[in-house]
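Next come the chains, spelled out residue by residue.
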Amino acid sequence: MSHLYDYPPTTIPTSPAPQNSALYMVDDFIRCSRCRFGGCDVKVNSCGCSFHARCFPTRKDDAPLKVCPACGTPTPGFSLYPMNFAEIDEARKSAALAMSKEGEKRSRKRKNSVISQDDSVESKQSKGGKVRKQSITEQKDGKDSQELRTGRWTLEEMAFCDKLIICFKDGLLPVAEGTKLNDFLASVLRSKQSRLTKKMKNAKLSSNTYTRKTSFIDNDYLCFEFSSLEENFFLAIADSKERAELKFHMRKLWREMFSNYCLSIGQPLDVDAWLSSVEEMDRRKAMARDATRMQRRKLMMGYALCQDSQFAEAGVFIERSEDELVSAHNNEPLKPFSSSDLAFHPTETEEMLALLNDDFGQEKIDPSLFPVPEENAINFESVGKSSILHSSPFLSKVMSYIKRHNVPFEHVDVWVPNYQGNSKSKCILGFAGSATSDQEIPASGKAPAQKMDADSKFNLLAFGDYSQKFSFSVGCGLPGRVFESCTSTWEAGSHTHFERSGGAAQWGIKTVVGIPIPSPNVGRIVTVLYSRHARLHNQSLVSKLQDEFSKLLPTPKWKLVIDMGNPSASVQAGPGTIKPLLTNSLKMAPTSARAPVPAAAVSPN
């Protein structure tokens, strides 16, 4: 049977698919039954005829369609094509390879720089500190305006934009009723609103709203012309990565609009494969976001270590890997992370699995998940190693109290004395865990608490991982001074005397409060609270926190780990660093108190 929509055969695109078609989207070579261009959105289940969303001829009065609009074959239904990632994956790999080669030739970055901790949040703020209101397009796509297209218009983009405007005003597209023209163009072209208004000052973009007529292009020549202008627009984009991303974005948008249109008119449409591909896309976005955070985190840690190691006073010990030692010696940041950096150290795996099994009850954790797989490693790194490895009932109770009583601090860690031998004069304070809240009190210090954004929480978790590299002699560093004097301290501002000032600057820590807490078996420990905001000194709050935390009776225990291997093969510890402190955990004893467990005697390396 001949097609219902005939077109001069001399104008039909006949370019064959490349031999390596796996690198390109499959639906690029499934031709639309009307315009004869690839990139179709809808498939007829019985005959296999395909259409673009804008070319599929269906009206509200015709729904539900039971025959193919092109060949007339009866059909049980229609389906949306799933998104295909082959072309965009290949383009991103090529771009990453080119960037890595360019990076090798690039000169060394400036030293001791503070890396932006939350670009997505800061870019939404004006100079006055107020949050900038996002456009409808930015809110819908969930991305910052920096990810939208900017720059000069090409002739091909202008021609395609003109055709979009004509079809929009004529009601020939599957767009929701009442959609504004400027929002529609910004969504399709992935363009900033300001870029549109500057180019079309007299077009009255915001005053034009969509009124549905046919909701599809009813003229065959206009279908061909529309697709031809779209294809020319894609080809005019020189950068292959930008071209692949824009093509992927537009196809996703057309299919989303068409599915909503079918739902509004009662036209059945199979979207299972489409929804599965959207879920895969969301998963990939989350992985890319985590990978970006991890890369930024490692750069930030390198800069922080450079600064803090240079100005560390005697009695402050920093545990560093061989790469970190070389980086500090050369006064340069760490190189971008590799997959091996994201996995847990083998000595940590057993304890990690035990903690996870405790948390998840009967659910068993496969040990093979931890050492190598990049995806799982990134997920665990995103929640912070220190918050998992050193989790304890004491820290959980402290964080619960902070959240329940709106205490204006978002992060807490604990420092425990480790007496060397039988002499209490030789004592090293070691990191015993940290906890991070998912909410924060505003900078004004007034309740109620607000939910903390993901990037801010990630920064605090990263600071917790950074802190576990440190240990202190009594009287050295903030924990050592608080432990020796048995007096609380409140530091805000520039952190002149704070031993981790480099890390505080990188991860946005502005207020630090150290509180000594009595312990049944070691005398006392030090609990340190941190905030991303400059908090006014409140001695009554400190006294209240000291009283409340003392009621928890923290009782530290140690797990002795003796490293017999070559230090350079795993972790290079600085002089006086006590490695077993990495496995310290705080157990909370009940008020009836069992007998205190003595600390294990550990000799310095």
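What you see is a predicted model; the values in this text were computed from it and never measured.

What counts and how
Residues numbered from 1 in each chain as written. Predicted model: local features only at pLDDT ≥ 70, side-chain atom pairs only at ≥ 80, totals over all residues. Heavy atoms only, no water. Helix = DSSP H or I, 4+ residues; strand = E, 2+ residues; numbered from the N terminus. Buried < 20%, exposed > 50% of the residue type's maximum accessible area, 1.4 Å probe, protein only. Contact = heavy atoms within 4.5 Å. Areas by Shrake-Rupley, 256 points an atom, 1.4 Å probe, with all protein chains shown as cover. Pairing = 2+ DSSP bridges. Axes fitted to C-alpha atoms, helices over the stretch in contact; angles between N-to-C directions. Salt bridge = Lys/Arg side-chain N within 4 Å of Asp/Glu carboxyl O. Core = buried A, V, L, I, M, F, W, Y, C linked by side-chain atoms within 4.5 Å. Parallel < 35°, antiparallel > 145°, perpendicular 65-115°, else oblique. Left-handed = near helix turned anticlockwise from the far one by under 90°. Expected span 1.5 Å × (residues − 1). Phe/Tyr/Trp six-rings, centres within 6.5 Å; stacked < 30°, edge-to-face > 60°. Lys NZ or Arg CZ within 6 Å of the ring centre and 35° of its normal. pLDDT = per-residue confidence, 0-100. Polar contact = N/O pair within 3.5 Å; in protein donor to acceptor, adjacent residues only side chain to side chain.

### Thoughts on the overall build of the chain
Next up, step 1: Scanning the chain from terminus to terminus reveals 19 helices and 14 strands.
Next up, step 2: In the chain, which comprises 605 residues, the share counted as buried stands at 49%.
Next up, step 3: Within the chain, contacts between residues separated by at least 24 positions form 71% of all contacts whose residues are at least 6 apart in sequence.
Next up, step 4: Surface summary for the chain: the accessible area is close to 29,500 Å², and the carbon and sulfur share equals 53%.

### Side note on the sheet that holds strand β11 (residues 511–519)
Next up, step 1: With antiparallel pairing, the 7 strands of this open sheet are ordered in space as β4-β9-β6-β5-β12-β11-β10. Two strands lie at the open edges of the sheet, namely β4 (316–318) and β10 (489–492), each paired on one side alone. With strand direction ignored, the average angle separating the axes of adjacent strands in the sheet is 25°.
Next up, step 2: Across 4 bridges, the pairing between β10 and β11 is antiparallel. The residue of β11 that forms the bridge with Thr-489 is Gly-514.
Next up, step 3: Lying over the sheet, helix α19 (residues 539–550) contacts β10, β11 and β12 (523–531), oriented at roughly 40° with respect to β11.

### Brief notes about the pattern of salt bridges
Next up, step 1: The tally for this structure, following the rule as stated, stands at 21 salt bridges.
Next up, step 2: Among the ionic pairs, Arg-149 bridges to Glu-157, the shortest N-O distance being 2.9 Å. You'll find Arg-149 and Glu-157 in the same group, each marked buried.
Next up, step 3: Close ionic contact of Arg-500 with Asp-413 constitutes a salt bridge, the shortest N to O distance being 3.5 Å. Taken as a pair, Arg-500 in the loop between β10 and α18 (501–507) and Asp-413 in strand β5 (residues 411–419) lie far apart in primary sequence, 87 residues in all.
Next up, step 4: A relative accessible area of 0% means that Arg-500 is categorised as buried.
Next up, step 5: A relative accessible area of 0% means that Asp-413 is categorised as buried.
Next up, step 6: Connected via shared salt-bridge partners are Asp-89, Glu-280, Arg-283 and Arg-284.

### Section: the nonpolar core
Next up, step 1: Counting 63 residues, the largest nonpolar core has Phe-160, Leu-164, Phe-184, Leu-185 and Trp-254 as its most contacted members.
Next up, step 2: Those elements that place two or more of their residues in this core are β1 (42–44), β3 (78–80), α1 (86–105), α4 (155–169), α5 (181–189), α7 (220–235), α8 (240–265) and α9 (272–310).
Next up, step 3: Take this core: its biggest share by element is 9 residues, from α8.
Next up, step 4: When near neighbours in sequence (up to four residues on either side) are disregarded, Phe-184 contacts Leu-164, Phe-168, Leu-173, Val-175, Thr-179, Trp-254 and Met-257.
Next up, step 5: Among the nonpolar cores identified, the runner-up in size contains 30 residues, and Met-300, Met-452, Phe-498 and Trp-507 belong to it.

### Brief notes about the packing of α4 against α5
Next up, step 1: Where α4 contacts α5, the two axes come as close as 11 Å, and the packing angle between them is 135°. Overall, the two elements α4 and α5 adopt an arrangement that is oblique. Relative to α5, α4 is oriented so that their crossing is right-handed. Every residue of α5 that contacts α4 at Glu-157, Phe-160, Cys-161, Leu-164, Ile-165, Phe-168 and Lys-169 is listed here: Leu-181, Phe-184, Leu-185, Val-188 and Leu-189.

### Details of helix α16 (residues 454–467)
Next up, step 1: For α16, built from 14 residues, the straight-helix expectation of 20 Å at 1.5 Å per residue is met to within 8% by its first-to-last C-alpha distance of 20 Å.
Next up, step 2: Counting buried residues in α16 gives 12 out of 14 residues, a clear majority hidden from the surface.
Next up, step 3: Buried within α16 we find Asp-455, Ser-456, Phe-458, Asn-459, Leu-460, Leu-461, Ala-462, Phe-463, Gly-464, Asp-465, Tyr-466 and Ser-467.

### A look at the packing of aromatic side chains
Next up, step 1: Applying the stated criterion across every chain yields a total of 20 aromatic pairs.
Next up, step 2: The interplanar angle of 80° and the centroid separation of 6.0 Å between the aromatic rings of Tyr-401 and Phe-549 together place this pair among those described as edge-to-face. Remark: Phe-549 occurs in helix α19 and Tyr-401 occurs in helix α15 (residues 393–404); sequence separation between them is 148 residues. Of the two residues, Tyr-401 and Phe-549, neither departs from the other in class, the shared state being buried.
Next up, step 3: Taking NZ or CZ as reference, Arg-524 lies 4.5 Å from the ring centre of Phe-483, over its face.

### Notes on the sheet that holds β3
Sheets are built from strands that pair by backbone hydrogen bonding, the pairs being arranged parallel or antiparallel.
Next up, step 1: The strand order β2-β1-β3 describes an open sheet built from 3 strands, whose pairing is antiparallel. Each edge of the open sheet is held by one strand with a lone partner, namely β2 (50–51) and β3.
Next up, step 2: Pairing between β1 and β3: 3 bridges, direction antiparallel. Bridge pairing in β3 links Val-42 to Leu-80.

### Observations concerning the pairing of β12
Next up, step 1: For β12, the buried fraction is high: 7 of the 9 residues fall into the buried class.
Next up, step 2: By the bridge criterion, 5 bridges tie β5 to β12 in an arrangement that is antiparallel. Note that in β12 the partner of Val-412 across the bridge is Leu-529.
Next up, step 3: As paired strands, β11 and β12 are joined by 9 bridges and run antiparallel to one another. Bridge pairing in β12 places Pro-518 opposite Arg-524.
Next up, step 4: Between the antiparallel neighbours β11 and β12 lie 3 residues.

### Some details on unusual backbone geometry
Next up, step 1: The residue Asn-406 is not glycine, and still its phi comes out positive at about 55°.
Next up, step 2: Judged by its relative accessible area of 33%, Asn-406 is partly exposed.
Next up, step 3: We note that Cys-486 has phi near 55°; this positive angle belongs to a residue other than glycine.
Next up, step 4: Residue classification places Cys-486 among the partly exposed residues on the basis of a relative accessible area of 43%.

### With respect to the confidence of the model for the chain
When pLDDT is low, close inspection of the predicted coordinates is not appropriate.
Next up, step 1: Averaged over all residues, the pLDDT of the chain is 75; the fraction at 70 or higher stands at 67%.
Next up, step 2: A low-confidence stretch, residues 107–112 stays under pLDDT 50, and its non-local contacts, those more than four residues away or across chains, total 11 contacts.
Next up, step 3: This stretch, residues 116–146, has a pLDDT under 50; its non-local contacts, to residues over four places away or in other chains, come to 48 contacts.

### Quick look at the environment of Asp-239
Next up, step 1: Secondary-structure assignment places Asp-239 in the loop between α7 and α8.
Next up, step 2: Sequence separation between Asp-239 and Ala-91 is 148 residues; the distance between their C-alpha atoms is 9.2 Å.
Next up, step 3: One polar contact links the side chain of Asp-239 to the main-chain amide nitrogen of Lys-241, over a distance of 3.2 Å.

### Observations regarding α15
Next up, step 1: With 12 residues, α15 ought to run about 16 Å at 1.5 Å a step, and its terminal C-alpha atoms sit 16 Å apart, in line with that.
Next up, step 2: Positive phi appears at Asn-406, one or two residues downstream of α15, with a value of about 55°.

### Focus on the environment of Pro-442
Next up, step 1: Its place among the elements puts Pro-442 in the loop between β7 (439–440) and β8 (450–451).
Next up, step 2: A C-alpha to C-alpha distance of 9.9 Å links Pro-442 and Met-452, two positions 10 residues apart in sequence.
Next up, step 3: Each residue touching Pro-442, except ones within four places of it in the same chain, is listed here: Pro-448, Gln-450 and Arg-535.

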